[in-house]
Amino acid sequence: MSPLVDNLLSGALAIAAYAVLGMILLIIGFYAIDLATPGKLSAVIKHERNPNATLLASSGLAAVGLIVAASIWSSGGALHEGLLATAVFGLVGIAVQTVAMLIFDLVAGISVRELVKQSDLQPGARLLAVTHLAIGLITAVAVI
C-alpha cells in the first residue's frame, strides 16, 4: 500500500474510534444528567415535552461535547493515548458537571427538581444551562 492510502486508512480509523468514544461519553453524560433530574429524562422530554428538562439536557450534552473535543485536540495525534485521555477527561468532566449542577442548585437556591415540574421555560433553567456550558468550557480549557 502507498503511504497516502496508509495515512487515509489510519486517519479514518482514528476518526471512527474518537466518534464512537464521543458517542459513548455523550450517552454517559445523558444518564448522569438523568440521575440528577426527577423522573426518566427521556420520557420527560419526549412525552411531557418539558422545555426545562430539554434545555438542561441539551446544555449538559453540549458541555460534554466541548470536553471531548478538547481532549481529542490535546491528544497530540497518538491514537491510543489520545483515546485514553479523552475517556478519562470526558468522564471527569461529566462528574464535575453533575456535582457542579447539584452544588449550584444548593447555592443559587434553584431546584432542578422544581424546574422540571414546570411546563413553561423558566429563567432558572436558562441560568443552569449557561452554567453547564461554562463548566464544560472551563473543563475543556483545563484539558488543553
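The structure we're discussing is the one just above.
What counts, and at which threshold
Residues numbered from 1 in each chain as written. Predicted model: local features only at pLDDT ≥ 70, side-chain atom pairs only at ≥ 80, totals over all residues. Heavy atoms only, no water. Phe/Tyr/Trp six-rings, centres within 6.5 Å; stacked < 30°, edge-to-face > 60°. Buried < 20%, exposed > 50% of the residue type's maximum accessible area, 1.4 Å probe, protein only. Axes fitted to C-alpha atoms, helices over the stretch in contact; angles between N-to-C directions. Helix = DSSP H or I, 4+ residues; strand = E, 2+ residues; numbered from the N terminus. Parallel < 35°, antiparallel > 145°, perpendicular 65-115°, else oblique. Contact = heavy atoms within 4.5 Å. Nonpolar A, V, L, I, M, F, W, Y, C, P; charged D, E, K, R; others polar. Polar contact = N/O pair within 3.5 Å; in protein donor to acceptor, adjacent residues only side chain to side chain. Salt bridge = Lys/Arg side-chain N within 4 Å of Asp/Glu carboxyl O. Expected span 1.5 Å × (residues − 1). Core = buried A, V, L, I, M, F, W, Y, C linked by side-chain atoms within 4.5 Å. Patch = residues over 30% accessible without salt bridge, like charges linked within 9 Å, V, L, I, M, F, W, Y side chains within 5 Å. Areas by Shrake-Rupley, 256 points an atom, 1.4 Å probe, with all protein chains shown as cover. 1 Å grid on protein atoms, 1.4 Å probe; cavity = no way out; pocket = protein on both sides within 12 Å on 5 of 7 lines; lining within 4 Å. Points joined across faces, edges and corners; volume = space filled by probe spheres on them.

> For the packing of aromatic side chains, give the residues involved together with the corresponding values.
For the structure on display, the rule yields one aromatic pair. Considering the side-chain rings of Phe30 and Tyr31, the 5.7 Å spacing of their centres and the 85° angle between planes classify their relative orientation as edge-to-face. Overall, Phe30 belongs to the buried group, its relative accessible area being 18%. Tyr31 sits in the partly exposed class, given a relative accessible area of 45%.

> Before we move on, can you summarise the packing of helix α3 (residues 51–73) against helix α6 (residues 123–143) with the specific residues and values?
When two helices pack together, their arrangement is captured by the angle between the axes and the distance separating the axes. Close contact between α3 and α6 brings their axes to 8 Å; oriented N to C, the two are set at 10°. On the basis of the axis angle, α3 is roughly parallel to α6. For the pair formed by α3 and α6, the contact residues are Asn52, Leu55, Leu56, Ser59, Gly60, Ala62, Ala63, Leu66, Ile67, Ala70 and Ser71 on the first element and Ala125, Arg126, Leu128, Ala129, His132, Leu133, Gly136, Leu137, Thr139, Ala140 and Val143 on the second. Broken down by class, the residue content of the contact of α3 with α6 amounts to 14 nonpolar, seven polar and one charged.

> An account of the side chain of Asn50 is requested, with residue identities and associated values reported.
You can see Asn50 is positioned in the loop between α2 (41–46) and α3. One polar contact links the side chain of Asn50 to the main-chain amide nitrogen of Ala53, over a distance of 2.8 Å. Once you skip the residues sitting within four places of it in the chain, Asn50 turns out to touch Val44, Ile45, Leu115, Val116, Lys117 and Gln118.

> Could you give an account of the side chain of His132, naming the residues involved and the relevant values?
Positionally, His132 belongs in helix α6. Those residues within four positions of His132 in sequence are excluded, and the remaining contacts are Leu56, Ser59, Gly60, Ala63, Gln97 and Met101.

> Mind laying out the pattern of salt bridges, listing which residues take part and the relevant values?
In this structure the tally under the stated criterion is one salt bridge. Note that Lys117 and Glu114 form a salt bridge whose closest N and O atoms lie 3.4 Å from each other. Here Lys117 pairs with Glu114, and both are found in helix α5 (residues 112–117), just three residues apart, close to one helical turn. Given a relative accessible area of 59%, Lys117 falls into the exposed group.

> Explain α3 residue by residue, including any values.
Taking 1.5 Å of rise per residue, 23 residues should cover 33 Å, and α3 covers 32 Å from first to last C-alpha, within 8% of that figure. Every buried residue of α3 is accounted for by Asn52, Ala53, Leu56, Ala57, Ser59, Gly60, Ala63, Val64, Ile67, Val68, Ala70 and Ser71. Considering only its buried residues, α3 is in contact with α1 (3–36), α2, α4 (79–108), α5 and α6.

> Give me the lowdown on the nonpolar core, citing residues and values where you can.
Counting residues in each nonpolar core, the largest one holds 15 residues, and the members touching the most others are Leu41, Ala53, Leu56, Val112, Leu115, Val116 and Leu128. When contributions to this core are tallied by element, the ones reaching two or more residues are α1, α2, α3, α5 and α6. Those residues in contact with Val112 that sit more than four places away from it in its chain are Ala36, Thr37, Pro38, Leu56, Met101, Asp105 and Leu128. Counting seven residues, the second-largest nonpolar core is a separate cluster that includes Ala32, Val64, Ala87 and Ile94.

> Please set out a nonpolar patch on the surface residue by residue, giving values where relevant.
Among the surface-exposed residues, Leu84, Val88, Phe89, Val92 and Val96 lie close enough to one another that they form a single nonpolar patch of about 410 Å² accessible area. Along the chain, Phe89 turns up in helix α4.

> Any chance you could break down empty space enclosed by the protein for me, citing the residues and the numbers?
The gaps left among the atoms become clear once a water-sized probe is rolled over them. All told, the structure shown has one cavity of 30 Å³ or more when counted by the stated rule. Taken as a whole, the largest cavity encloses approximately 60 Å³ of empty space. Every residue along the wall of the largest cavity is listed here: Gly29, Ala32, Ile33, Ala36, Val64, Ile94, Gln97, Thr98, Met101 and His132. Counting residues per element, the ones that place at least two in the lining of the largest cavity are α1 and α4. Tallied by class, residues from the lining of the largest cavity come to six nonpolar, four polar and no charged.

Honestly, that's just the spatial picture; any functional story needs more than this.
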